[in-house]
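These are the residues of each chain, in order.
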Amino acid sequence: MELTQNVGTKTLLGLITAVLMYYWNCFTEIMIILFVVLILDYVTGLIQGLLNGGFSLEKAWKGIVKKLMYGVLLIAALSVDFIIMYMAETLGADWGMQGMVGIAVCLYLIGTEGFSIVQNLLLIGVPAPEFLQKIFGLMRDNAGKLVKISEAPKDSDTDDYT
């Protein structure tokens, strides 16, 4: 039983929060929060890997590259915002919504990284309620240690490509 993130829910919450952050003029603060959350996720991931024997230098480098690619995604989102603002200005329209795509992407990434931080903390051993452990696909083994719930093995005799 592996947790699948509900992209639709995160996107909707991100859009609603983006509208509120726009009206509260908090875009810079959101970017700072994203930066902090990215660092926290990387650090908790490293600690979790070291404590649970899953550390790999290759994974660590992939994590850094992934975090850097978030910057590329954010630049793309801000470019879309610029195009929207430019087109609206060219057409003489002032719809009053500048930076919405960038804010939405920042909030989506904060949600994704927050999810990962909580999962890392649970695997490190930070106490959490049982329902939260189940949400993240974790269970306690006989020694009381949290372990990921593995997916059911597939029957190798059948080729199910659906």
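Up top is the structure.
Residues numbered from 1 in each chain as written. Predicted model: local features only at pLDDT ≥ 70, side-chain atom pairs only at ≥ 80, totals over all residues. Heavy atoms only, no water.

**Student:** Looking at this model, I keep getting lost on helix H3 (residues 57-90). Mind explaining?
**Tutor:** Since the α-helix packs 3.6 residues into each turn, any two residues three or four apart lie on the same face. The end-to-end C-alpha distance of H3 is 50 Å, a good match for the 50 Å that 34 residues give at a rise of 1.5 Å each. Looking only at H3, the buried set comprises Ala-60, Gly-63, Lys-67, Tyr-70, Leu-74, Ala-77, Asp-81 and Ala-88. For H3, the N-terminal cap is Ser-56; the gap from its side-chain oxygen to the backbone nitrogen of Glu-58 is 3.2 Å. (Helix = DSSP H or I, 4+ residues; strand = E, 2+ residues; numbered from the N terminus. Expected span 1.5 Å × (residues − 1). Buried < 20%, exposed > 50% of the residue type's maximum accessible area, 1.4 Å probe, protein only. Polar contact = N/O pair within 3.5 Å; in protein donor to acceptor, adjacent residues only side chain to side chain.)

**Student:** I'm lost on the environment of Val-101 in this one. Help?
**Tutor:** Tracing the chain through its elements places Val-101 in helix H4 (residues 100-124). A relative accessible area of 28% places Val-101 in the partly exposed class. Here the alpha-carbon distance between Val-101 and Leu-78, two residues 23 residues apart in the chain, equals 6.8 Å. Those residues in contact with Val-101 that sit more than four places away from it in its chain are Ala-77, Val-80, Asp-81 and Ile-84. (Contact = heavy atoms within 4.5 Å.)

**Student:** Got a minute to help me understand the packing of aromatic side chains in this structure?
**Tutor:** Here the distance between the centres and the angle between the planes together describe a pair of aromatic rings. Inspection of every chain in the model, using the stated rule, returns 1 aromatic pair. Considering the side-chain rings of Phe-82 and Tyr-86, the 6.4 Å spacing of their centres and the 20° angle between planes classify their relative orientation as stacked. Taken together, the positions of Phe-82 and Tyr-86, both in helix H3 and 4 residues apart, correspond to about one turn of that helix. For the pair Phe-82 and Tyr-86, a shared accessibility class is recorded, and that class is exposed. (Phe/Tyr/Trp six-rings, centres within 6.5 Å; stacked < 30°, edge-to-face > 60°.)

**Student:** What should I look at first to understand the nonpolar core in this one?
**Tutor:** Nonpolar side chains in soluble globular proteins tend to be buried together. Counting residues in each nonpolar core, the largest one holds 14 residues, and the members touching the most others are Ile-30, Leu-34 and Ile-110. Only helix H2 (27-51), H3 and H4 provide two or more residues apiece to this core. A total of 7 residues in this core trace back to one element, the largest contributor, which is H4. In contact with Ile-110, not counting residues within four places along its chain, are Ile-30, Ile-33, Leu-34 and Val-37. (Core = buried A, V, L, I, M, F, W, Y, C linked by side-chain atoms within 4.5 Å.)

Treat this as a map of the structure, not an account of what it does.
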